Amino acid sequence: MPTELEELVEFLHHGNTQIRQVAAENLLGYSQADLPLFKRNQLEPVKDLKLLVKDYAPIAKNALTILINISHDGEVLRSLNDDAFLEALLSRITNKKEPNANEIAMLLANMAKDDSLQRVLKLKRDVPKHLSTSAWAMDQLMDCFVKGAEGGYNKDADYDYLAYFFADLSKFPEGREYMTTPQAHDSDIIPLTKLQVFTSHASHIRRLGVASTMKNCAFHVPAHPILVSNLNPDPTLPPPHIGANMLPYVLLPLMGPEEYPDDDTEGMLEELQLLEPDKEREGDLEIMKTHLETLLLLCTTVEGRKVLRQVKVYPIVRECHLQVEDDGVREACDRVVQIIMRNEEGEEEEIPQGAVSAAGADEDEDDQIVEIC
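- An unreviewed UniProt entry lists the protein chain under the name Protein HGH1 homolog, from Karstenula rhodostoma CBS 690.94.
- Its UniProt record, at the heading Sequence similarities (unreviewed entry), says of the protein chain: "Belongs to the HGH1 family."

Take a look at the structure:
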């Protein structure tokens, strides 16, 4: 005979609204501890929960939360990634009156861990007139994230968790290419430039998700000239000759209120000079390490290393190493310094005064970066 909990799960598709609501409320607490309960009868509870996303707001909120909690399971995750359910989520998250938009953003972030969701990169759908002028689903989600910060589009949502959605998509080559390619239908804007401005945002979720997205995009070596260029137009880049100017948004979080001597600031990016005396360095050590790993990835090519030297990345990393008392951050600083200050073939050795020590570092490890999971 079925247990009481198994009987309760059956009420998720009951015809009475109040019974569905009570069932969803009571099952919520089991969604983190009893995964098999939601996988019984060939995932029938998951199918019911997907339908409840369209139900009254309180029921939908509980259904979404349960799906968020159980979507770490591969079988559940695959069952969520059908076209009809994706459209149901997109139609709601782009609705400025959707009360559960943040929960939908969390669920989309989890769903992006499945390869099949890469199809959203090429998905067209109806244009949500109050949000976007584009029929591309990715443009609409970008608009949610940018316009919706701090309740700017939907008073019940901040869309912060879309940062994790973008980070997960950018783990895939197609996602990186989208993020780093000027979009002809969007005035040749490079999508990553819409996100990178949030590396100093108050929301920790935004900062972490955007930093991870930027790092993942740096794995796309052909895009490095675009990422490090701050020129518009830049005749050295392919048409439309637009640079992403990513470096200031990687470096600013690593900087505090320290003053630099003139020989260090000469050549430094304008955005990094004359900072306020109360400028605060990024407080999350993992985010700092992510930005340092992005710099390390940008050192992959000779041209990238040359740019980092020209814009005086070394003094910034040096000060970060001195000011941040954390072994992980300092090790990341060491790795960056060892590469950007290492002479290219044919050049004489010249280590600047005050160079960060990296004694004991394994040179082979300097070129090994672990991609964000």
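1. Overview of the nonpolar core
The tendency in soluble globular proteins is for nonpolar side chains to be buried side by side.
Part 1 of the argument: Grouped together as the largest cluster of nonpolar side chains are 107 residues, with contacts concentrated most on Leu108, Leu162, Phe165, Phe166 and Leu295.
Part 2 of the argument: Among residues more than four places away in sequence, those in contact with Leu108 are Leu86, Leu89, Ile93, Leu117, Leu141, Leu162 and Phe165.

2. Side note on the UniProt feature "domain: Protein HGH1 N-terminal" (unreviewed entry) in the protein chain
Part 1 of the argument: UniProt's feature table lists "domain: Protein HGH1 N-terminal" (unreviewed entry) at residues 93-288, given in the numbering used throughout.
Part 2 of the argument: End-to-end, the C-alpha atoms of residues 93-288 are 31 Å apart, and along that stretch the chain is 39% helix and 0% strand.

3. Considerations on the state of the cysteines
Part 1 of the argument: All told, the structure shown has 0 disulfides when counted by the stated rule.
Part 2 of the argument: Cys144 carries a free sulfur, and the closest cysteine sulfur to it, the one in Cys217, is 19 Å from it.
Part 3 of the argument: Judged by its relative accessible area of 0%, Cys144 falls in the buried class.
Part 4 of the argument: Unpaired in this structure, Cys299 has its nearest cysteine sulfur neighbour in Cys333, at a distance of 12 Å.
Part 5 of the argument: For Cys299, a relative accessible area of 3% puts it in the buried group.

4. Looking at the packing of aromatic side chains
Part 1 of the argument: Scanning all chains against the criterion turns up 5 aromatic pairs.
Part 2 of the argument: With a centroid separation of 5.2 Å and an interplanar angle of 75 degrees, the aromatic rings of Phe145 and Phe198 are classed as edge-to-face. Of this pair, Phe145 sits in helix 8 (residues 137-147) while Phe198 is found in the loop between helix 11 (191-195) and helix 12 (204-217), placing the two residues 53 residues apart along the sequence. For the residue pair Phe145 and Phe198, the accessibility class agrees, reading buried in each case.
Part 3 of the argument: Measuring from ring centre to ring centre gives 6.5 Å for Tyr153 and Tyr159, while their planes differ by 40 degrees; the resulting arrangement is tilted.
Part 4 of the argument: Exposure remark for Tyr153: the relative accessible area of 8% places this residue in the buried category.
Part 5 of the argument: Taking the relative accessible area as the measure of exposure, Tyr159 reaches 0% and is therefore buried.

5. Side note on the environment of Pro277
Part 1 of the argument: Topologically, Pro277 is positioned in the loop between helix 15 (262-265) and helix 16 (285-298).
Part 2 of the argument: Each C-alpha atom of the pair Pro277 and Ala57 lies 47 Å from the other, and the pair is 220 residues apart in sequence.

6. What about the environment of Asp334?
Part 1 of the argument: Mapped onto the secondary structure, Asp334 falls in helix 19 (residues 327-340).
Part 2 of the argument: In this structure Asp334 comes out as buried when scored by relative accessible area, which is 15%.
Part 3 of the argument: Here the alpha-carbon distance between Asp334 and Leu292, two residues 42 residues apart in the chain, equals 9.8 Å.

7. Observations regarding the pattern of salt bridges
Part 1 of the argument: By the definition in use, this model includes 22 salt bridges.
Part 2 of the argument: Of the charged contacts, one joins Arg305 and Glu344 as a salt bridge, the two residues approaching to 2.7 Å between their closest N and O atoms. Of the two residues, Arg305 sits in helix 17 (residues 302-310) while Glu344 sits in the segment after helix 19, which places them 39 residues apart along the sequence.
Part 3 of the argument: The class of Glu344 is buried, set by a relative accessible area of 16%.
Part 4 of the argument: Each of Glu6, Glu10 and Arg40 takes part in a single network of salt bridges with overlapping partners.

8. Some remarks on unusual backbone geometry
Part 1 of the argument: Geometrically, the link from Asn232 to Pro233 is a cis peptide bond, its omega value of 5 degrees lying close to zero.
Part 2 of the argument: Its location among the elements puts Pro233 in the loop between helix 13 (224-228) and helix 14 (247-251).
Part 3 of the argument: Cis geometry marks the peptide bond from Pro239 to Pro240; its omega dihedral reads 10 degrees.
Part 4 of the argument: Considering the arrangement of structural elements, one finds Pro240 in the loop between helix 13 and helix 14.
Part 5 of the argument: With a phi angle near 65 degrees, Leu43 is a residue other than glycine that sits in the positive phi range.
Part 6 of the argument: Along the chain, Leu43 falls in helix 3 (residues 40-52).
Part 7 of the argument: A positive phi angle, close to 55 degrees, is found at Ser187, a residue other than glycine.
Part 8 of the argument: Relative to the helices and strands, Ser187 resides in the loop between helix 10 (173-180) and helix 11.

Conventions adopted
Residue indices begin from 1 for each chain and proceed along its sequence in written order. Reporting of local features is limited, given that this is a predicted model, to residues whose pLDDT is at least 70; pairs of side-chain atoms are given and counted only at 80 or more, and all residues count toward the totals for whole chains, interfaces and linings. Each side-chain value is derived from all of the structure's non-hydrogen atoms; neither hydrogens nor water enter the calculation. UniProt positions are given in the numbering used here, feature names are shortened, and annotations may be inferred rather than shown by experiment. The definition of a nonpolar core used throughout is a set of buried Ala, Val, Leu, Ile, Met, Phe, Trp, Tyr and Cys residues joined through side-chain atoms within 4.5 Å. When a residue's accessible area, from a 1.4 Å probe over protein chains only, is under 20% of the maximum for its type it is buried; when over 50% it is exposed; and in between it is partly exposed. Contacts are assigned to residue pairs that have any heavy atoms within 4.5 Å of one another. Secondary structure elements are defined from DSSP: runs of H or I of at least 4 residues count as helices, runs of E of at least 2 residues count as strands, and each element is numbered from the N terminus. For this text, the term disulfide refers to a pair of cysteine sulfurs within 2.5 Å. In this scheme Phe, Tyr and Trp rings, the latter by its six-membered ring, pair at centre separations within 6.5 Å, and the angle between planes marks the pair as stacked below 30 degrees, edge-to-face above 60, and tilted otherwise. The salt bridge criterion pairs a side-chain nitrogen of Lys or Arg with a carboxyl oxygen of Asp or Glu, the two atoms within 4 Å.

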